[in-house]
Amino acid sequence: MVSAGLEILGLSMCVIGSLLVMMACGLPMWKVTAFIEANIVVAQTIWDGLWMTCVVQSTGQMQCKVHDSVLALSHDLQAARALTVIASVMGVLGLMVVIAGAQCTNCIRNESIKARVVNAGGVIYIISGLFVLVPISWMANNIITDFYNPQLLPSQKREIGAALYIGWAAVALLLIGGSLLCCSCPSGGSSGYSVKYAPTKRAAQNGDYDKRNYV
């Protein structure tokens, strides 16, 4: 019962984490305009994402432009594109694997095989979380480095956007949920204790017990 509860909890966290990864992948708010000048009243705000760049006017109007060339992007954006898409696909794959081996389903009859399948699903979710952690941390490091670079103009500096925070939350859910899936599997149908039975005492031909039984 406890193992089934851990599976449900771990799977729920992993599903939420995978949805957050997809959300962070599609949002354009990976890099946002840094308001570091004295005048905080600006006419527009710039959002830089994996797939497009958006400009939000002070009137509320927003215009977005899709990136024309993948090769023209920076290395961190290219890596973030590839790894977040792979992580999203692995999240769907991990969901199917865990459901196939879950205790509440009958897709697999053998309990030991079901435990291994759930373990495999947990490992898939952990790898998916690591695939998201690498580009998010890489991009955050570049943003912070450029922010404190005195050679860049204030208009060229960016701050960490909401998509990165969503990505970090997704990583935490994937790693914790995947670990729970790896720990929630039952030990199997057979117990670890072996039972030994003593041999029965045989009676002799004259009706008395054999003296060897008392040695």
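Residues numbered from 1 in each chain as written. Predicted model: local features only at pLDDT ≥ 70, side-chain atom pairs only at ≥ 80, totals over all residues. Heavy atoms only, no water.

As recorded in an unreviewed UniProt entry, the protein goes by the name Claudin, listed as coming from Oryzias javanicus. Per UniProt, the protein has the following entry under Sequence similarities (unreviewed entry): "Belongs to the claudin family." You can read under Function (unreviewed entry) in the UniProt record for the protein the words "Claudins function as major constituents of the tight junction complexes that regulate the permeability of epithelia." (UniProt positions renumbered as here; feature names shortened; annotations may be inferred.)

**Student:** Please set out the overall build of the protein residue by residue, giving values where relevant.
**Tutor:** Within the protein, the regular secondary structure consists of four helices and five strands. Mapped from its N terminus to its C terminus, the protein presents α and β elements in the order α-β-β-β-β-α-α-β-α. Each of the 215 residues in the protein was classed as buried or not, and the buried ones make up 33%. Here the protein has roughly 13,200 Å² of accessible surface; of this, 65% comes from carbon and sulfur atoms. (Helix = DSSP H or I, 4+ residues; strand = E, 2+ residues; numbered from the N terminus. Buried < 20%, exposed > 50% of the residue type's maximum accessible area, 1.4 Å probe, protein only. Areas by Shrake-Rupley, 256 points an atom, 1.4 Å probe, with all protein chains shown as cover.)

**Student:** So, the pattern of salt bridges: which residues are in play, and what are the values?
**Tutor:** Where charged atoms of side chains with opposite charge meet at close range, the side chains can pair. Applying the stated criterion across every chain, the model contains three salt bridges. In this structure, Asp48 and Arg158 form a salt bridge, with 3.3 Å as the shortest nitrogen-oxygen distance. Separated by 110 residues along the polypeptide, Asp48 in strand E2 (residues 44-48) and Arg158 in strand E5 (residues 158-160) bring together distant segments of the chain. Like Asp48, the residue Arg158 is buried in the burial classification. (Salt bridge = Lys/Arg side-chain N within 4 Å of Asp/Glu carboxyl O.)

**Student:** Talk me through the packing of helix H2 (residues 75-101) against helix H3 (residues 111-147); I want residue IDs and the actual numbers.
**Tutor:** As a packed pair, H2 and H3 sit with axes 8 Å apart at the nearest point and diverge in direction by 165°. In terms of axis orientation, H2 runs roughly antiparallel to H3. The interaxial crossing formed by H2 with H3 has left-handed handedness. The class makeup of the residues in the contact of H2 with H3 is 23 nonpolar, eight polar and two charged. (Axes fitted to C-alpha atoms, helices over the stretch in contact; angles between N-to-C directions. Parallel < 35°, antiparallel > 145°, perpendicular 65-115°, else oblique. Left-handed = near helix turned anticlockwise from the far one by under 90°. Nonpolar A, V, L, I, M, F, W, Y, C, P; charged D, E, K, R; others polar.)

**Student:** Hey, could you go over the layout of surface pockets for me, with residue numbers and the actual values?
**Tutor:** In this structure, the second largest pocket encloses a volume near 150 Å³. As for the second largest pocket, its lining consists of Lys31, Ser74, His75, Asp76, Asn142, Ile143, Asp146, Gln156, Lys157 and Arg158. Of all the secondary-structure elements, those providing two or more residues to the lining of the second largest pocket are H2 and H3. Here the residues of the lining of the second largest pocket are counted per class, giving one nonpolar, four polar and five charged. (1 Å grid on protein atoms, 1.4 Å probe; cavity = no way out; pocket = protein on both sides within 12 Å on 5 of 7 lines; lining within 4 Å. Points joined across faces, edges and corners; volume = space filled by probe spheres on them.)

**Student:** Go over the state of the cysteines with me, naming the residues and quoting the values.
**Tutor:** All told, the structure shown has one disulfide when counted by the stated rule. For the unlinked cysteine Cys182, the closest cysteine sulfur is that of Cys183, found at 6.5 Å. For Cys182, a relative accessible area of 27% translates into the label partly exposed. (Disulfide = S-S within 2.5 Å.)

**Student:** Help me get a handle on the UniProt feature "transmembrane region" (unreviewed entry) in the protein, residues and values and all.
**Tutor:** Sequence positions flagged by UniProt for "transmembrane region" (unreviewed entry) are, in local numbering, residues 6-27, 82-102, 122-141 and 162-181. For residues 6-27, helix accounts for 95% and strand for 0%, while the C-alpha atoms at its two ends are 31 Å apart. Between the end C-alpha atoms of residues 162-181 there is a gap of 29 Å, over a span that is 100% helix and 0% strand.

**Student:** Go over the packing of aromatic side chains, please, and point to the residues and values.
**Tutor:** Inspection of every chain in the model, using the stated rule, returns two aromatic pairs. Their ring planes at 85° and their centres at 5.3 Å tell us that Phe147 and Tyr148 sit as a pair that is edge-to-face. Its relative accessible area of 22% is what places Phe147 among the partly exposed residues. Centre to centre, the rings of Tyr165 and Trp168 are 5.8 Å apart; their planes meet at 65°, and the pair counts as edge-to-face. Here Tyr165 and its partner Trp168 are both found in helix H4 (residues 162-183), three residues apart, which amounts to about one turn of the helix. Here Trp168 falls in the partly exposed class, since its relative accessible area comes to 29%. (Phe/Tyr/Trp six-rings, centres within 6.5 Å; stacked < 30°, edge-to-face > 60°.)

**Student:** Residues and numbers for the environment of Cys14, please.
**Tutor:** Locating Cys14 in the fold gives a position in helix H1 (residues 2-26). Cys14 sits in the buried class, given a relative accessible area of 0%. Spatially, the C-alpha atom of Cys14 lies 4.9 Å from that of Leu174, the residues being 160 residues apart in sequence. Cys14 has contacts with Tyr125, Leu173, Leu174, Gly177, Gly178 and Leu181, leaving out every residue within four places of it along the chain. (Contact = heavy atoms within 4.5 Å.)

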